[in-house]
Amino acid sequence: MSKQPAIRRPWNDAPIRTKVGLLIVLGVVGGLFLGMFAAHGGHTIWPLLIGLPLLLVALIALSRVWACEPIEHLVEQLERAGRHERPVVPRDMPVDRQDDVGRLARSIERLAHSAVRDYHQVRSLRRNLESRVKASTAAATRQLRRMAMRDPLTDLGNRRFLDETLDDLTH
């Protein structure tokens, strides 16, 4: 199953700062237009009662599409990746975008790749350390057992050596 390329939209490349600024300008221009229309219409209130809510709905919808949805998508991907016990690289990140969300997604993807690589290195080091500790413990135990059974000066078996050797022979 091949991933379809994302549809390129011009507003995806603009920084969020520009998008918010444009929303403010649209709000001001829309408000001025409604005010002029109301003044030209003989000070009737109905254009304001209808126009202002429509203007607000349009601005809210644009802000949702331009700023909120891309960030929400990014947060969802991060939450999905965070549910795993070990680090994973989030899929379907909007790395192809050229705005702030795309820059953030690319940074998160690089961090996730680094976290996965570090996780595997730590696991390898831990396994290596565990095997070395196990081998060293076994060698030290053998040496201590030998030291406990032999006289340090003559290297002859002591009473413990004799007891264990005789015990093995009688059974």
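One can find the structure itself at the top, above this paragraph.
These figures come from a predicted structure and were not determined experimentally.

**Comments concerning the side chain of arginine 97**
Along the polypeptide, arginine 97 turns up in the loop between helix H2 (46-82) and helix H3 (100-149). Residue classification places arginine 97 among the buried positions, given a relative accessible area of 11%. A polar contact is formed between the side chain of arginine 97 and the side chain of aspartate 99, at a distance of 2.6 Å.

**A few points about the pattern of salt bridges**
With the rule as written, the count across this model stands at 6 salt bridges. Residues aspartate 100 and arginine 103 are paired through a salt bridge, measuring 3.3 Å at the closest nitrogen-oxygen approach. A residue pair is termed a helical-turn pair when its members lie 3 or 4 positions apart in one helix, as aspartate 100 and arginine 103 do in helix H3 at 3 residues. Ionic pairing is found between aspartate 155 and arginine 146, a salt bridge with its closest N-O pair at 2.9 Å. With a relative accessible area of 37%, aspartate 155 lands in the partly exposed category. What you see here is one network of salt bridges that share partners, running through Arg64, Glu69 and Glu72.

**Structural notes on the packing of H3 against helix H4 (residues 159-170)**
Their axes nearest at 6 Å, the elements H3 and H4 cross at an angle of 100 degrees. Judged on the interaxial angle alone, H4 and H3 are roughly perpendicular. Where H3 abuts H4, its residues Arg145, Ala148 and Met149 lie against Arg160, Phe161 and Glu164. Class assignment for the residues of the contact of H3 with H4 results in 3 nonpolar, no polar and 3 charged.

**As for the nonpolar core**
One finds Ile16, Ala67, Leu74, Met93, Val101, Ala105 and Ile108 forming the largest nonpolar core, which totals 7 residues. Only H2 and H3 provide two or more residues apiece to this core. Looking at this core element by element, the count peaks at 3 residues for H3. Apart from residues no more than four positions distant in its own chain, isoleucine 108 is found in contact with Leu74, Leu78, Pro90 and Met93. Leu34, Leu55, Leu59 and Trp66 belong to the second largest nonpolar core, which has 5 residues in total.

Thresholds applied
Counting restarts for each chain: residues are numbered from 1 in the order of the written sequence. Under the rules for a predicted model, residues below a pLDDT of 70 receive no local features and side-chain atom pairs below 80 are neither given nor counted, while totals for whole chains, interfaces and linings still include all residues. Side-chain numbers here rest on the full set of heavy atoms in the structure, without hydrogens or water. Secondary structure elements are defined from DSSP: runs of H or I of at least 4 residues count as helices, runs of E of at least 2 residues count as strands, and each element is numbered from the N terminus. Between buried and exposed lies partly exposed: a residue is buried under 20% and exposed over 50% of the maximum accessible area for its type, with that area taken using a 1.4 Å probe on protein chains only. Polar contacts, as used here, are pairs of N or O atoms within 3.5 Å; protein pairs need one atom able to donate a hydrogen and one able to accept it. Residues neighboring in sequence count only if both atoms are side-chain atoms. Every case where a carboxyl oxygen of Asp or Glu lies within 4 Å of a side-chain nitrogen of Lys or Arg is listed as a salt bridge. Angles run from 0 to 180 degrees between N-to-C directions of axes, and those axes are lines fitted to C-alpha atoms, restricted for helices to the stretch in contact. Each angle gets one of four labels, with under 35 degrees taken as roughly parallel, over 145 as roughly antiparallel, 65 to 115 as roughly perpendicular, and the rest as oblique. Here, two residues are considered to be in contact whenever any of their heavy atoms come within 4.5 Å of each other. Amino acids are sorted into nonpolar (Ala, Val, Leu, Ile, Met, Phe, Trp, Tyr, Cys and Pro), charged (Asp, Glu, Lys and Arg) and polar (every other residue, Gly among them). Throughout, nonpolar core names a set of buried Ala, Val, Leu, Ile, Met, Phe, Trp, Tyr and Cys residues whose side chains join them through atoms within 4.5 Å.

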